[in-house]
Amino acid sequence: MIRMEKMKKTKLIMLEGIPGSGKTTTSQLLYTYLKEVGVNSEVYIEGSEHPIDLPFYAYLTKNEYNKLLIRFPQQAEWIRLNSIIENDYILIPYKVPEPKPWSDELAEYLSFKELCYSNKTIVPFNIYKKVFYTRFEQYVTRMSNTDAVTIFESVLFQHQIHDINRLYPQIPEDEIMEYIRNLAVIISPLNPVLLYISQNSVEESLKHTAIIRSKPKWSNPETVEYYIKRKNLELRIVKLLPFRSYILNNTDRDWNKMFDNIKSILDCQIKDVMSSV
């Protein structure tokens, strides 16, 4: 069984790796098992409503926000209730939850102001970093006095690096590494553990994923080249993290063996929950 005193110290488990490496499967099954053995836990997978990540959030200045409330009086209450209001900017979701009452015009405007999931840059990189530094700091404050263990997928590496590469292609790798190292320092008080799931061949992994998810473009040479470069960067960052980080080689996709490694890392004995995967 899990040593409860050790899990009380570890309040955050993060899973990283390139697409198709097994992050979602591992996150969900680890969450299920922790709940079964009585560990208060939460899981946030890629694309879900999230306490740190910002999928489909608009970034507005205070002036833009005030004008928005006047422009959309029927949705003003919804906007106020769902906005994240900081000192000099506001973040507003527009997919989860959806604006109420629904307005195509409002949704289109907010999507135009998308902070992360876009092909256009809304704010300079220093502002982008400030937004996420604040998000990470606030999360640590909220979780510091709880006994919950949170499982995050793709929060520290995948979403950050992918969005930066798309929105700020001019940013050098060393600056990306420094930024992610700063994020890691911020969350260090939660005594996190990072599990990096890896396969030997990026190309073979992406080919497998392309078939499973019916996304043939994931196996084209340009995509493979991009993820080889991104994985190399991520593995360099792993060495810089100020907390426990482990690279789990799952080339053979032997989930039971990988969970044996996770058992050792988390100092617990996990049942054979992967036998049906």
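Located above this text is the structure these notes cover.
Let me begin by describing the structure that accompanies this report. (Residues numbered from 1 in each chain as written. Predicted model: local features only at pLDDT ≥ 70, side-chain atom pairs only at ≥ 80, totals over all residues. Heavy atoms only, no water.)

Here's the deal with the sheet that holds strand E5 (residues 90–93)
If you trace the three strands from one edge of the open sheet to the other, you get E3-E5-E4, paired in antiparallel fashion. Each end of this open sheet is capped by a strand with a single partner; those strands are strand E3 (57–60) and strand E4 (84–85). Alignment of E4 against E5, held across two bridges, turns out to be antiparallel. Residue pairing in the sheet places Ile-84 in a bridge with Leu-91 of E5. (Pairing = 2+ DSSP bridges. Helix = DSSP H or I, 4+ residues; strand = E, 2+ residues; numbered from the N terminus.)

Comments concerning the packing of aromatic side chains
In total, this model carries 14 aromatic pairs according to the counting rule given. Seen from their ring centres, Tyr-44 and Phe-152 are 5.8 Å apart, and the 55 degrees between their planes marks the pair as tilted. A residue pair is termed long-range when its members are at least 10 positions apart, and Tyr-44 in strand E2 (residues 41–44) and Phe-152 in strand E6 (residues 149–153) qualify at 108 residues. Taken as a pair, Tyr-44 and Phe-152 share a single burial class, namely buried. Ring geometry for Tyr-133 and Tyr-179: centres 5.5 Å apart, planes at 55 degrees, overall tilted. Of this pair, Tyr-133 sits in helix H6 (residues 125–143) while Tyr-179 sits in helix H8 (residues 173–187), and the two are 46 residues apart along the sequence. (Phe/Tyr/Trp six-rings, centres within 6.5 Å; stacked < 30°, edge-to-face > 60°. Buried < 20%, exposed > 50% of the residue type's maximum accessible area, 1.4 Å probe, protein only.)

Details of H8
Three- or four-residue spacings in an α-helix give side chains the same orientation, since the helix completes a turn every 3.6 residues. Taking 1.5 Å of rise per residue, the 15 residues of H8 would be expected to cover 21 Å, and the 21 Å separating its terminal C-alpha atoms lies within 8% of that figure. Looking at the packing, one finds that the buried side of H8 touches strand E1 (12–16), H6, helix H7 (158–167) and helix H10 (221–238). (Expected span 1.5 Å × (residues − 1). Contact = heavy atoms within 4.5 Å.)

Looking at the sheet that holds E2
The parallel open sheet is built from five strands, whose spatial order is E2-E6-E1-E7-E8. Bordering the open sheet on either side are E2 and strand E8 (244–249), each of which pairs with just one other strand. The sheet shows a mean angle of 15 degrees between the axes of neighbouring strands, direction not considered. The strands touched by helix H2 (residues 23–36) within the sheet are E1, E2, E6 and strand E7 (193–198), with E6 carrying the most contacts at an inclination of about 170 degrees. On the sheet, helix H11 (residues 255–266) packs against E1, E7 and E8 and is oriented at approximately 165 degrees with respect to E8. (Axes fitted to C-alpha atoms, helices over the stretch in contact; angles between N-to-C directions.)

Points about the side chain of Lys-113
Inspection of the secondary structure assignment puts Lys-113 in the loop between helix H5 (104–112) and H6. Reaching out from Lys-113, the side chain makes a polar contact with the side chain of Glu-64 at a distance of 2.9 Å. Contacts of Lys-113, omitting those with residues within four sequence positions, involve Tyr-57, Ala-58, Tyr-59, Leu-60, Glu-64 and Ile-122. (Polar contact = N/O pair within 3.5 Å; in protein donor to acceptor, adjacent residues only side chain to side chain.)

Things to note about the pairing of E6
The buried fraction of E6 amounts to five of the five residues, a majority that puts the element mostly inside the structure. Alternating positions in E6 separate into two faces, Val-149, Ile-151 and Glu-153 on one and Thr-150 and Phe-152 on the other, with burial throughout. By the bridge criterion, four bridges tie E1 to E6 in an arrangement that is parallel. If you follow Leu-12 over to E6, its bridge partner there is Thr-150. Where E2 and E6 come together, four bridges link them in parallel fashion. Opposite Tyr-44, over in E6, you have Phe-152 as the bridge partner.

Things to note about the environment of Val-224
Within the secondary structure layout, Val-224 lies in helix H10. For Val-224, a relative accessible area of 8% translates into the label buried. When the C-alpha atoms of Val-224 and Phe-132 are compared, they prove to be 28 Å apart, with 92 residues separating the residues in sequence. Ignoring anything within four residues of it in the chain, the contact list for Val-224 reads Val-202, Glu-203, Leu-206, Trp-218 and Ser-219.

Observations regarding helix H9 (residues 202–212)
Taken as a whole, H9 has its buried residues at Val-202, Ser-205, Leu-206, Thr-209 and Ala-210. Axial view of H9: buried residues confined to an arc of 135 degrees, hence all on one face. Of the exposed residues in H9, the ones pointing more than 90 degrees away from its buried face are Ile-211 and Ile-212. Once H9 ends, the next one or two residues include Ser-214, with phi positive near 55 degrees. (Arc of directions from axis to C-beta.)

Re the packing of H2 against H11
Interaxial distance between H2 and H11 falls to 12 Å at its minimum, and their mutual angle equals 55 degrees. Classed by the angle they form, the pair H2 and H11 counts as oblique. Taken as a pair, H2 and H11 cross one another with a handedness that is right-handed. Counted together, Thr-26, Leu-29 and Leu-30 of H2 and Trp-255, Met-258, Phe-259, Ile-262 and Leu-266 of H11 form the full contact between these two elements. Its residues assigned to classes, the contact of H2 with H11 shows seven nonpolar, one polar and no charged. (Parallel < 35°, antiparallel > 145°, perpendicular 65-115°, else oblique. Left-handed = near helix turned anticlockwise from the far one by under 90°. Nonpolar A, V, L, I, M, F, W, Y, C, P; charged D, E, K, R; others polar.)

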